[in-house]
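Survey of secondary and tertiary structure
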Amino acid sequence: MKWYIVKRILWTFVAVWIALTFTFALVTASPNQGQMQAMMSCATTGEDPAECREQFREREGLDTPVTERYVNYMVNMATLNWGWSDSRSQMVIPAILSAWKFTAQYAIPVLILSTLIGYGIGLYSAYKPYTVTDYAGSFVAFFGISIPNFWFAIVLIMLFAVNIDALPVYYQSGIPLEYGWLSVRNFLQLVLPITVLLTASLAWQMRYSRAQALEQMNQEFVKVAKAKGASQYRLMIHHVLRMAAVPLSTSFVGSLLAIFWSGSVIIEQIFAIPGLGYMTYTAIVEQDTALILATTLLTVFLAIIGNLLEDIAYVVLDPRIDYGNR
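As the structure is a computational prediction, the values presented were derived from the model and not from experiment.

1. Brief notes about the overall build of the protein chain
- Assigned secondary structure in the protein chain consists of 15 helices and 2 strands.
- For the protein chain, the spread of C-alpha atoms along the principal axes amounts to about 85 × 60 × 35 Å.
- Within the span of the protein chain, comprising 326 residues, buried residues form 39% of the whole.
- Within the protein chain, contacts between residues separated by at least 24 positions form 74% of all contacts whose residues are at least 6 apart in sequence.
- Total accessible area on the protein chain stands at roughly 18200 Å², and carbon and sulfur atoms take up 67% of it.
- Taking the average location of the 20 positive side-chain charges in the protein chain and that of its 21 negative ones, the two points are 20 Å from each other.

The structure is reproduced here in structure tokens:
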């Protein structure tokens, strides 16, 4: 197991290098929005656009060979010198450190609530399948899976923020700084974003856990435990949930990444939350190369480390799994 973890950590560096190289190639091949804006600005003021383009390329270091820029970038990434963000007008690492709190304040509650409630309802539906409660849970699940997040967010804004005027229309970043991150005012402006994300992620967790629990309930060891007089609580928690948790743990990283990309990028645009998703979207639109590559690096790290933790969780949940020969 120890060698397996060491190998996986070493492969992490290879995977990060491939992801950064691929992203660097895409950004280099794409039209530079900043260069185009500099040329248009010079054209409107009567200056020579070609001269402004050369000045911009010299200022941004784009006049050097692409291989030299690639080597310099890789060295800077390895030494945590992630460069200057033009879209944020600050260094990249301070920009990320200032934005992650706004994403974490709703992403972490959504992840915890969707896991606990989704798995709980899924187990209950599997325990009493094809009943009214099972059908009600299935309806909620299919509703959450079917509706687009952006549409549901707009409907909730119109209903609770515009018509009823019970919740804020958009997020105000000054409230947590003035009243505190755990204040009631900050919580109220997070109700709608959390509701939208929770509906989608909860539905998926519920359906997947129900399917896994139903499969485990038909196993021989569950029938034997039931024949020996095991209580329903012990049967579901100690036998069904423990075995179903092995495949269910594979959904953790997927849920986290789904919350980050679909949640952060889309929801933060709708509710004007200045988090990682809003920052990433702005960096892509404004061709902020340093910030795009930095957010890519974070996502790759999150996926690889998360998958490694999943593999370790397999062994904890099911000791029969052995990575000794891998």
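Having seen the model, we can carry on.
2. Observations regarding the nonpolar core
- Judged by nonpolar contacts, the single largest core of 24 residues is most densely connected at Leu20, Trp82, Val92, Ile96 and Met279.
- Sorting the residues of this core by element identifies helix H1 (2-29), helix H4 (66-78), helix H5 (92-127), helix H14 (276-285) and helix H15 (289-317) as the ones contributing at least two each.
- It is H15 that provides the largest number of residues to this core, a total of 8 residues.
- Setting aside chain neighbours within four positions, we find Leu20 in contact with Tyr73, Met74, Met77, Leu293 and Leu297.

3. A short note on the UniProt feature "transmembrane region" (unreviewed entry) in the protein chain
- UniProt's entry tags residues 106-127, 139-164, 184-204 and 291-309 with the feature "transmembrane region" (unreviewed entry), counted in the numbering of this structure.
- The span residues 106-127 carries 100% helix and 0% strand; its end-to-end C-alpha distance comes to 31 Å.
- Between the end C-alpha atoms of residues 291-309 there is a gap of 27 Å, over a span that is 100% helix and 0% strand.

4. Quick notes on H5
- End to end, H5 covers 50 Å across 36 residues, agreeing with the expected 52 Å (1.5 Å per residue, within 8%).
- The sharpest bend along H5 reaches about 35° and sits at Ala104.

5. Looking at the packing of aromatic side chains
- Overall, the coordinates contain 6 aromatic pairs when judged by the stated rule.
- With a centroid separation of 6.0 Å and 25° between ring planes, the pair formed by Phe24 and Tyr73 is classed as stacked. Note that Phe24 is positioned in helix H1 and Tyr73 in helix H4, a separation of 49 residues in sequence.
- Overall, Phe24 belongs to the buried group, its relative accessible area being 10%.

6. Looking at the packing of H5 against H14
- Relative to each other, H5 and H14 sit at 130°, their axes nearing to 7 Å. With respect to H14, the element H5 is oriented oblique. Contact residues: Ala95, Ile96, Ala99, Trp100 and Thr103 in H5; Leu276, Gly277 and Met279 in H14.
- Taken together, the residues that form the contact of H5 with H14 break down as 6 nonpolar, 2 polar and no charged.

7. Topic: helix H7 (residues 149-163)
- The end-to-end C-alpha separation of H7 is 20 Å, in line with the 21 Å expected for 15 residues at 1.5 Å each.
- Three or more residues of H7 are buried, namely Asn149, Phe152, Ala153, Leu156, Ile157 and Ala161.
- Two residues or fewer past H7, Asp165 is found with a positive phi of approximately 60°.

8. Quick notes on unusual backbone geometry
- Located in the positive-phi region is Leu80, a residue other than glycine, with phi close to 60°.
- In this structure Leu80 comes out as exposed when scored by relative accessible area, which is 55%.
- Even without being glycine, Ser89 reaches a positive phi, approximately 55°.
- Turning to its location among the elements, Ser89 is positioned in the loop between strand S1 (84-85) and strand S2 (90-91).
- Residue classification places Ser89 among the exposed positions, given a relative accessible area of 52%.

9. A closer look at the packing of H5 against helix H10 (residues 191-217)
- Running from amino to carboxyl end, H5 crosses H10 at an angle of 35°, the nearest separation of the two axes being 6 Å. Where H5 crosses over H10, the two elements pack in a sense that is right-handed.
- Tallied by class, the residues present in the contact of H5 with H10 amount to 18 nonpolar, 8 polar and 1 charged.

10. Here's the deal with a nonpolar patch on the surface
- A cluster of nonpolar side chains, namely Phe150, Trp151, Ile154, Val155, Met158, Val162, Val169, Tyr170 and Ile266, defines an oily patch on the protein surface of about 810 Å² accessible area.
- Per-element accounting of the nonpolar patch gives the leading share, 6 residues, to H7.
- Turning to its location among the elements, Trp151 is positioned in helix H7.

11. A short note on the pattern of salt bridges
- Under the defined criterion, the tally for this structure stands at 1 salt bridge.
- Here Arg210 ties to Asp134 by a salt bridge, and the two come within 2.9 Å at their closest N and O atoms. Of this pair, Arg210 sits in helix H10 while Asp134 sits in helix H6 (residues 132-146), and the two are 76 residues apart along the sequence.
- Given a relative accessible area of 11%, Arg210 falls into the buried group.

12. A look at the side chain of Thr199
- Inspection of the secondary structure assignment puts Thr199 in helix H10.
- Here the side chain of Thr199 touches Thr195 through a polar contact of 2.7 Å, landing on its backbone oxygen.
- Not counting residues within four places of it along the chain, the set of residues in contact with Thr199 comprises Phe143, Gly144, Ile147 and Phe152.

About the criteria used
Residues numbered from 1 in each chain as written. Predicted model: local features only at pLDDT ≥ 70, side-chain atom pairs only at ≥ 80, totals over all residues. Heavy atoms only, no water. Helix = DSSP H or I, 4+ residues; strand = E, 2+ residues; numbered from the N terminus. Buried < 20%, exposed > 50% of the residue type's maximum accessible area, 1.4 Å probe, protein only. Contact = heavy atoms within 4.5 Å. Areas by Shrake-Rupley, 256 points an atom, 1.4 Å probe, with all protein chains shown as cover. Lys, Arg positive; Asp, Glu negative; His and termini not counted. Charge placed at Lys NZ, Arg CZ, Asp CG, Glu CD. Core = buried A, V, L, I, M, F, W, Y, C linked by side-chain atoms within 4.5 Å. UniProt positions renumbered as here; feature names shortened; annotations may be inferred. Expected span 1.5 Å × (residues − 1). Bend = angle between axes of the 7 residues up to and from the residue. Phe/Tyr/Trp six-rings, centres within 6.5 Å; stacked < 30°, edge-to-face > 60°. Axes fitted to C-alpha atoms, helices over the stretch in contact; angles between N-to-C directions. Parallel < 35°, antiparallel > 145°, perpendicular 65-115°, else oblique. Nonpolar A, V, L, I, M, F, W, Y, C, P; charged D, E, K, R; others polar. Left-handed = near helix turned anticlockwise from the far one by under 90°. Patch = residues over 30% accessible without salt bridge, like charges linked within 9 Å, V, L, I, M, F, W, Y side chains within 5 Å. Salt bridge = Lys/Arg side-chain N within 4 Å of Asp/Glu carboxyl O. Polar contact = N/O pair within 3.5 Å; in protein donor to acceptor, adjacent residues only side chain to side chain.

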